[in-house]
Amino acid sequence: MITFAPLNAPAEEAVYRGYALSRLSGIWPRSLAIAACSVVFGLQHAFFAPTVDAMIVYVVAFTVWGIGSSLIAQKQKRLMPIAIAHFVVNLMTSSPAVIFPALQVAGVIPA
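The following refers to the structure shown. (Residues numbered from 1 in each chain as written. Predicted model: local features only at pLDDT ≥ 70, side-chain atom pairs only at ≥ 80, totals over all residues. Heavy atoms only, no water.)

1. A few points about the overall build of the protein chain
Keep this limit in mind: Helix and strand assignments follow DSSP, with helices taken as H or I runs no shorter than four residues and strands as E runs no shorter than two, numbered in order from the N terminus. Burial status follows relative accessibility: with a 1.4 Å probe on protein chains alone, a residue under 20% of its type maximum counts as buried, one over 50% as exposed, and anything between as partly exposed. Note on contacts: a residue pair qualifies if any of its non-hydrogen atoms lie within 4.5 Å across the two residues. A 1.4 Å probe and the Shrake-Rupley method give the accessible areas. Residues count as covered only by the protein chains that appear here.
Assigned secondary structure in the protein chain consists of five helices and zero strands. If you list the helices and strands of the protein chain from N to C, you get α-α-α-α-α. Based on the C-alpha atoms only, the size of the protein chain along its principal axes is roughly 55 × 30 × 15 Å. By residue count, 29% of the 111 residues in the protein chain fall in the buried class. If you take every contact in the protein chain between residues at least 6 apart in sequence, the share linking residues at least 24 apart comes to 62%. Roughly 7,100 Å² of accessible area belongs to the protein chain as shown, and the carbon and sulfur atoms make up 76% of that amount.

2. Some words on unusual backbone geometry
Although it is not a glycine, K77 sits at a positive phi angle of roughly 60 degrees. For K77, the position within the fold is in the loop between α3 (52-76) and α4 (80-94). Taking relative accessible area as the criterion, K77 reaches 72% and is therefore assigned exposed.

3. A word on the environment of H45
If you trace the backbone, H45 turns up in the loop between α2 (30-44) and α3. Residues H45 and I109, spaced 64 residues apart in sequence, show a C-alpha to C-alpha distance of 31 Å. In this structure, H45 is in contact with E12, Y58 and F62, ignoring residues within four places of it in sequence.

4. Topic: the packing of aromatic side chains
Rules: The rule is short: rings of Phe, Tyr and Trp, with Trp giving its six-membered ring, pair when the centres are within 6.5 Å, and they are stacked under 30 degrees, edge-to-face over 60, tilted in between. Throughout this description, the term charge over a ring refers to an Arg CZ or Lys NZ atom that lies within 6 Å of the ring centre and within 35 degrees of the ring normal.
This structure, assessed with the given rule, holds three aromatic pairs. Considering the side-chain rings of Y16 and F41, the 5.2 Å spacing of their centres and the 75 degrees angle between planes classify their relative orientation as edge-to-face. Pair noted here: Y16 is in helix α1 (residues 4-27) and F41 is in helix α2, with a separation of 25 residues, a long-range link. The two residues Y16 and F41 agree in class, both being buried. Taken together, the ring pairs connect Y16, F41, Y58 and F62 into an aromatic cluster. If you follow R17 out to its NZ or CZ, it ends over the ring of F41, 4.4 Å from the centre.

5. A short note on the layout of surface pockets
Our working definition: The distinction between a cavity and a pocket rests on a 1 Å grid over the protein atoms alone: a 1.4 Å probe fits inside a cavity but cannot get out, while a pocket stays open yet meets protein on both sides within 12 Å along at least five of seven lines, and a residue with an atom within 4 Å of a point counts as lining. Grid points are joined across faces, edges and corners, and a volume is the space filled by probe spheres set on the points.
Taken as a whole, the largest pocket encloses approximately 280 Å³ of empty space. Lining the largest pocket are 14 residues, with H45, F62, V89, N90 and T93 positioned closest to its centre. Secondary structure elements with two or more residues in the lining of the largest pocket: α1, α3 and α4. Sort the elements by how many residues they give to the lining of the largest pocket and α4 lands first, with five residues.

6. Structural notes on the packing of α2 against α3
The criterion, for reference: Axis lines are fitted through C-alpha atoms, for helices just across the contact stretch, and the angle between N-to-C directions can take any value from 0 to 180 degrees. For classification, angles of less than 35 degrees are called roughly parallel, those exceeding 145 degrees roughly antiparallel, those between 65 and 115 degrees roughly perpendicular, and all remaining angles oblique. Here a crossing is called left-handed whenever its near helix is offset anticlockwise from the far helix by less than a right angle, and right-handed whenever the offset is clockwise.
Taken N-terminus to C-terminus, the directions of α2 and α3 make an angle of 140 degrees; their axes are 7 Å apart at the nearest point. Between α2 and α3, the angle falls in the class oblique. Every pair of crossing elements has a handedness; the one defined by α2 and α3 is right-handed. Contact residues: R30, I34, S38, V39, F41, G42 and L43 in α2; Y58, V59, F62, T63, W65, G66, I67, S70, L71 and Q74 in α3.

Keep in mind that these numbers describe shape and distance, not what the molecule does.
Right, dumping it as structure tokens:
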């Protein structure tokens, strides 16, 4: 959580919305560039899913995130708002993995 949330968000946004989307938008139609970057972003996250069935949900959800992020990044012509939103999502989803074990060790919640 300490390194994942702050490093992953700007790195992924720089790669997918900054580099790949800007490069592909120069040679492909805008909608195809957005779709390609978003699908690859979604596929990358499939391996975080706990089950094979959940992989489909993860791919769809992260592809939708990628489409929305791409549209916002292209409209605003900047990545910082997307990187901040991505950071907040990463922080909220990764913090229970640290907080709950710490609460168990402290005896606040039963093991």
